[in-house]
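Each chain, written out:
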Amino acid sequence: MNNIVLYSCTFRKDLKRTVKLAESIRKHNKSNIPFYISVPPEDVELFKEHLQGFDVIIFDERDIFKMNPKLDIDTLYSIRGGLRQQVIKSEFWRLGIAENYLVLDSDCIFIRDFDERDFLFQDDIPYSVIHEGRDVLQATERFGPKKIRQHFLADREPIKAALGRKGVTYDFGYAPFLWSKKVWQSLDTHYLTPNGMNFLDAVLLCGSEFTWYGESLIQFRAIPIYPREQLFKHYHYEHQLWADQVLGYRENILAHDYLGVVYQSNWESWGDFGPSSKSVPSLVWRSIKRVLKKVQFKLSLLHGFF
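First things first, this report covers the structure right here in the doc. (Residues numbered from 1 in each chain as written. Predicted model: local features only at pLDDT ≥ 70, side-chain atom pairs only at ≥ 80, totals over all residues. Heavy atoms only, no water.)

1. Regarding the overall build of the protein chain
So the rule is basically this: Numbered from the N terminus, helices here are DSSP runs of H or I no shorter than four residues, and strands are runs of E no shorter than two. Here the globule rule is a power law, 2.2 Å times the number of residues to the power 0.38, and the radius of gyration is based on C-alpha atoms. Only protein chains enter the area calculation, which uses a 1.4 Å probe; residues under 20% of their type maximum are buried, those over 50% are exposed, and those in between are partly exposed. Should any heavy atoms of two residues lie within 4.5 Å, those residues are counted as being in contact. Under the counting rule used here, the positive set is Lys and Arg, the negative set is Asp and Glu, and His together with the chain ends is not counted. Every charge is mapped onto a representative atom, which is NZ of Lys, CZ of Arg, CG of Asp or CD of Glu.
Each helix and strand counted, the protein chain has 14 helices and 12 strands in total. For a compact globule of 306 residues, the expected C-alpha radius of gyration is about 19 Å, and the protein chain comes in at 20 Å, within 12% of that figure. Dimensions of the protein chain along its principal axes, counting C-alpha atoms only, are 55 × 50 × 40 Å. Of all 306 residues assigned to the protein chain, the portion counted as buried reaches 51%. Look at the contacts in the protein chain between residues 6 or more apart in sequence, and 77% of them connect residues 24 or more apart. Where the 40 positive side-chain charges of the protein chain centre and where its 39 negative ones centre are 6 Å apart.

Okay, here's the thing in structure tokens:
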């Protein structure tokens, strides 16, 4: 069994982003950590075609579900895709491929060389990403959107309560996530099974898979905790990127402190694969509004300096 592998759960809309991720891994993966990608059954051949020549293992996501008979597959495919992907990523450990895995969303890219030492403290013990989410809380407090702090707590407090912890509200994200199979096993053994639940039930109770992992890490202590901050610079909102551009932060600067960057696909829609469902005039108007908003934002930011 591998000490660690790279893993991405994706689908055809994110094909172009996944190719960019694979290119960055091929360039920077200095210890040849294996890379796995799971996709819906109808997308397997598409991804194999576009990722020819890359050292990557592409497989049907249903192979993961088969390892846990407690999961109701019909229910799993009746919920929205984002929640279903949370279950898929959090159940990957059951395949027995690795002790630990780095979960890479398709909008992640590496910007500097890496090897196992970036993820493992020693042997098969990974670092644990633990912080308080202040980067996104401060950015949205200043520039919006509103109520992010409220949503932040709503995604974390119920899990804290379910596992019986009080105190500081931690953040255990964002992508990429560094996970140990022992922590997931501890959640299953000490909380899910005794309560007649599976991880789908947990996600439906509160949909934040990385918070379930982090709170289980603290509560059950399946592994020693060696904390690290976020591994990648994560641009949750485009205004965070615009602010950094004004200040002169480029990938070569970020690479001194981050392994990679996440350009969140929620706003970077031009990276989608396949035709858009919107009309051409709608797409043109959307692009114009984005350019105007970007210029207005940068001017207001520069004005604030003087």
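2. Considerations on the packing of aromatic side chains
Definition in use: Side-chain rings of Phe, Tyr and Trp (the six-membered ring for Trp) are treated as a pair once their centres are within 6.5 Å; stacked means planes under 30 degrees apart, edge-to-face means over 60, and tilted covers the remaining angles.
This model, assessed by the stated rule, comprises 24 aromatic pairs. Taking the centre distance of 5.9 Å and the plane angle of 80° together, the rings of Phe65 and Tyr77 count as edge-to-face. On the criterion of sequence distance, the pair formed by Phe65 in helix H3 (residues 62-65) and Tyr77 in the loop between helix H4 (73-76) and helix H5 (81-91) is long-range, its members being 12 residues apart. Owing to a relative accessible area of 3%, Phe65 belongs among the buried residues under this scheme. The interplanar angle of 50° and the centroid separation of 5.7 Å between the aromatic rings of Trp242 and Phe297 together place this pair among those described as tilted. Of this pair, Trp242 sits in helix H12 (residues 238-247) while Phe297 sits in helix H14 (residues 280-304), placing them 55 residues apart in sequence.

3. Considering the sheet that holds strand S9 (residues 177-180)
Convention followed: At least two DSSP bridges between two strands are required for those strands to pair. Where helices are involved, their axes are fitted lines through C-alpha atoms of the stretch in contact, as for all axes, and angles between N-to-C directions lie from 0 to 180°.
The strand order across the open sheet formed by 5 strands is S3-S2-S1-S4-S9, and the pairing between neighbours is mixed. Either end of the sheet is taken by a strand with one partner, and the two such strands are strand S3 (57-60) and S9. Put simply, the sheet's adjacent strands are angled 30° from each other on average, direction ignored. Note: strand S1 (residues 2-9) against strand S4 (residues 98-103), 5 bridges, orientation parallel. Opposite Val5, over in S4, you have Tyr101 as the bridge partner. Relative to strand S2 (residues 35-39), helix H1 (residues 15-28) is tilted by about 170°, and along the sheet it contacts S1 and S2.

4. Re a nonpolar patch on the surface
Basically, it comes down to this: Patch membership needs two things, relative accessible area over 30% and no salt bridge, and members are linked within 9 Å if like-charged or within 5 Å if nonpolar (Val, Leu, Ile, Met, Phe, Trp, Tyr). The accessible surface values rely on the Shrake-Rupley method and a 1.4 Å probe; as for residues, cover is taken only from the protein chains in view. The working definition used for a salt bridge is a side-chain nitrogen of Lys or Arg within 4 Å of a carboxyl oxygen of Asp or Glu.
On the surface, Val280, Val284, Ile288 and Leu292 cluster together into a nonpolar patch covering about 370 Å² of accessible area. As for its placement among the helices and strands, Val284 is situated in helix H14.

5. Some points on the nonpolar core
To keep things clear, this is the line we draw: Nonpolar cores are built from buried Ala, Val, Leu, Ile, Met, Phe, Trp, Tyr and Cys residues. Side-chain atoms within 4.5 Å join them into one set.
In terms of nonpolar packing, the biggest core is built from 79 residues, with Tyr7, Phe110, Phe119 and Trp212 touching the most fellow members. When near neighbours in sequence (up to four residues on either side) are disregarded, Phe119 contacts Ile4, Ile33, Leu102, Phe110, Phe114, Pro126, Tyr127, Leu178, Leu231 and Leu259. In this structure, Ile111, Tyr235, Val261 and Trp267 belong to the second largest nonpolar core, which totals 8 residues.

6. Notes on the sheet that holds strand S5 (residues 108-110)
Read from one edge of the open sheet, 3 strands run S5-S12-S11, paired in mixed fashion. On the outer flanks of this sheet lie S5 and strand S11 (232-235), each paired with one strand and no other. If you compare each strand with its neighbour and ignore which way they point, the axes differ by 20° on average. As paired strands, S5 and strand S12 (residues 260-263) are joined by 3 bridges and run antiparallel to one another. Residue pairing across strands places Cys108 opposite Val262, the latter belonging to S12.

7. Concerning helix H9 (residues 181-192)
What counts, and what does not: A 3.5 Å cut-off defines polar contacts: any pair of N or O atoms within that distance qualifies, except that in protein one atom must be a possible hydrogen donor and the other a possible acceptor, and neighbouring residues in sequence count only when both atoms are side-chain atoms.
For H9, the set of buried residues is Lys181, Val183, Trp184, Ser186, Leu187, Asp188, Tyr191 and Leu192. Those residues of H9 hidden inside the fold are in contact with H5, S4, helix H8 (157-162), S9, helix H10 (199-205) and helix H11 (209-220). Among the residues of H9, the N-terminal cap falls to Ser180, whose side-chain oxygen and the backbone nitrogen of Lys182 are separated by 3.1 Å.

8. Overview of unusual backbone geometry
A cis geometry characterises the amide bond from Gly173 onward to Tyr174, with omega recorded as 5°. The omega angle of the peptide bond from Ala175 to Pro176 is 0°, so this bond is cis rather than trans. Locating Pro176 in the fold gives a position in the loop between H8 and S9. The phi angle at Asp123 is positive, at roughly 50°, despite the residue not being glycine. Turning to its location among the elements, Asp123 is positioned in the loop between strand S6 (120-122) and strand S7 (125-126). Residue class for Asp123 comes out exposed when judged on its relative accessible area of 60%.

9. Considerations on the packing of H9 against H11
Test applied: Note on angle classes: values under 35 degrees are labelled roughly parallel, values over 145 roughly antiparallel, values of 65 to 115 roughly perpendicular, and the remainder oblique. Gly falls in the polar group here, along with every residue not listed as nonpolar (Ala, Val, Leu, Ile, Met, Phe, Trp, Tyr, Cys, Pro) or charged (Asp, Glu, Lys, Arg).
Where H9 meets H11, the closest approach of the two axes is 9 Å, and the angle between their N-to-C directions is 75°. Looking at the two axes, H9 sits roughly perpendicular to H11. Contact with H9, carried on its side by Val183, Trp184, Ser186, Leu187, His190 and Tyr191, involves Glu209, Trp212, Tyr213, Ser216, Leu217 and Phe220 of H11 and no other residues of that element. Its residues assigned to classes, the contact of H9 with H11 comprises 8 nonpolar, 3 polar and 1 charged.

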